[in-house]
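# Examining the three-dimensional arrangement
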Amino acid sequence: MADLNFDLVVIGSGPGGYTGAIRAAQLGLKVAVIEKDKTLGGTCLNVGCIPSKALLDSSEHFSQAQHEFSEHGIKVSKVELDLAQMLNRKDKIVKSLTDGIKFLFGKNKITSFEGLGSLKSANEVEVKSASGEVQVLKTKFVMLATGSVPIELPFAKFDGKKIITSTEALTLKEVPKKLLVIGGGVIGLEMGSVWNRLGSQVSVIEASSKLCGAMDGQVTKQLQKILAKQGIEFMLDTKVQNIEVVKDQVKVKFEGADKASGEILGDICLVAVGRKAFSAGVGLEKAGVEKDDRGRIKVNAHLQTNIPNIYAIGDVVAGPMLAHKAEEEGVSVAETIAGGVGHVNYETVPGIVYTWPELASVGKTEEELKAAGTAYKMGSFPFSANGRAKALGMTEGLVKILADAKTDRIVGVHILGPRASDMIAEAVIAMEFGGSSEDLARSFHAHPTLSEVVREAALAVDKRARQM
């Protein structure tokens, strides 16, 4: 009979869960991971980060072939969309990565269980398989990494066909003529971009006066202008009042910025108004684990719940719902329970919108600094003045650096431009080490590269940019 006694049981195999499990195993703990779905990797690898990026890149190639190849002297007589192949490529990428987790579990001697994991007590975790078979694992510690699920509007229940989540938006078998997107955040803009590039007429309806939530207003406003040029329609300050399926279309009723009522029809409606913690059915009540009024698990600075041997990480606790944030939390918990010191610096968690151009941000926005009364200096530099960006034909956007007025310490960096998702890492490292704009300004940046825009923005903080 299998040994069902463990040092650590992790419920959930998303980025936080599987990374934390691997780190715990590296530190000598006997680890088990429970996953309710048939494949490992959670939302991120299966129906989130990875498949969406695969479609974003494929759709970008398709758009370039249609509109930009000729400028490079590449003649294409006819560009055709093979959506089935595009989706097949996406699925292959997902499978290779989820299989990779299975390999890593084997390499690190981690036991995985397929089924719904729930707390039976502080030291017992129940695993219920799809067939109804129940196993009880005994453990010294528990890490809850159950993730999140899409928020459903009370007046618009998901049907998976006409009123959909991001999961269904990744698997549409044909390009909708008209796609309505409720929510101008990361998911709405990314999925809207994919289908807009593939030929859909996309309308984004957002209740607030700006896109991308709390990200820097200057860069999000510029992103909106760029996406509008690409063909996406934006309806800001617009509150959705009702969504209903009428014959073969979806009707969205709304109240506009002028308080006037209106309606818009589409073939499909993607509801992307955010996600909520998945904490129901995990047995929190049985173990006495406390939740807040939003269903998130309460934790202290060490990600420890009110039950000392039970920890929680990722989307199921407060904070940005980001895979890399969950990963660091999982590692922190593993190191803590192994007797070390876990640490997560929430001041340097980057946020990224994978549109084209991309938008990446870390630290404070101008709005936040002004609200806090913090004196700051700002330097910015456009990609249009960068040699590498010109060679790539990707000159839209800018880098914006915010530094403390007294110390010059970098407090925020916002990048709208090509490969901003990769470039933001330089800013994260600089901030992690308490770097100043002067540090970036005096550091070599190879020429010609996109990263030179970061250096020029750093120089601009002190009003000495050299390339314009």
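Reference entry: report on the structure contained in this document. Every value quoted in this text rests on a predicted model; they were computed, and no experiment measured them.

Calculation criteria
Residues numbered from 1 in each chain as written. Predicted model: local features only at pLDDT ≥ 70, side-chain atom pairs only at ≥ 80, totals over all residues. Heavy atoms only, no water. Helix = DSSP H or I, 4+ residues; strand = E, 2+ residues; numbered from the N terminus. Buried < 20%, exposed > 50% of the residue type's maximum accessible area, 1.4 Å probe, protein only. Contact = heavy atoms within 4.5 Å. Pairing = 2+ DSSP bridges. Disulfide = S-S within 2.5 Å. Axes fitted to C-alpha atoms, helices over the stretch in contact; angles between N-to-C directions.

### Focus: the side chain of Thr365
With respect to the helices, strands and loops of the structure, Thr365 is situated in the loop between strand 19 (358-363) and helix 10 (366-372). Look at Thr365 and you get buried, because its relative accessible area is 3%.

### Re the side chain of Ser63
Secondary-structure assignment places Ser63 in helix 3 (residues 49-67). Not counting residues up to four positions away in its chain, the partners in contact with Ser63 are Glu68 and Arg197.

### Side note on the sheet that holds strand 15 (residues 268-271)
The sheet built from five strands is open, its strands ordered 8-15-9-10-11 with parallel pairing. Every interior strand has two partners, whereas the edge strands, strand 8 (163-164) and strand 11 (233-235), have only one. The pairing of strand 8 with strand 15 spans two bridges and is parallel. Opposite Ile164, over in strand 15, you have Leu270 as the bridge partner.

### Observations regarding the state of the cysteines
The tally for this structure, following the rule as stated, stands at one disulfide. The disulfide that involves Cys44 links it to Cys49, with 2.4 Å between the sulfurs. An S-S torsion of about -130 degrees defines the bridge between Cys44 and Cys49 as left-handed. Relative accessible area serves as the criterion here: at 11%, Cys44 is assigned to the buried category.

### Some points on the sheet that holds strand 13 (residues 249-255)
Spatially, three strands are ordered 12-13-14 in an open sheet, and the strand pairing comes out antiparallel. Lying at the two open borders of the sheet, with one neighbouring strand each, are strand 12 (239-246) and strand 14 (261-266). Taken pair by pair, the neighbouring strands of this sheet meet at an average axis angle of 20 degrees, ignoring direction. Looking at chain direction, strand 12 and strand 13 are connected through seven bridges and run antiparallel. Following the sheet pairing, Val245 is matched in strand 13 by Val250.

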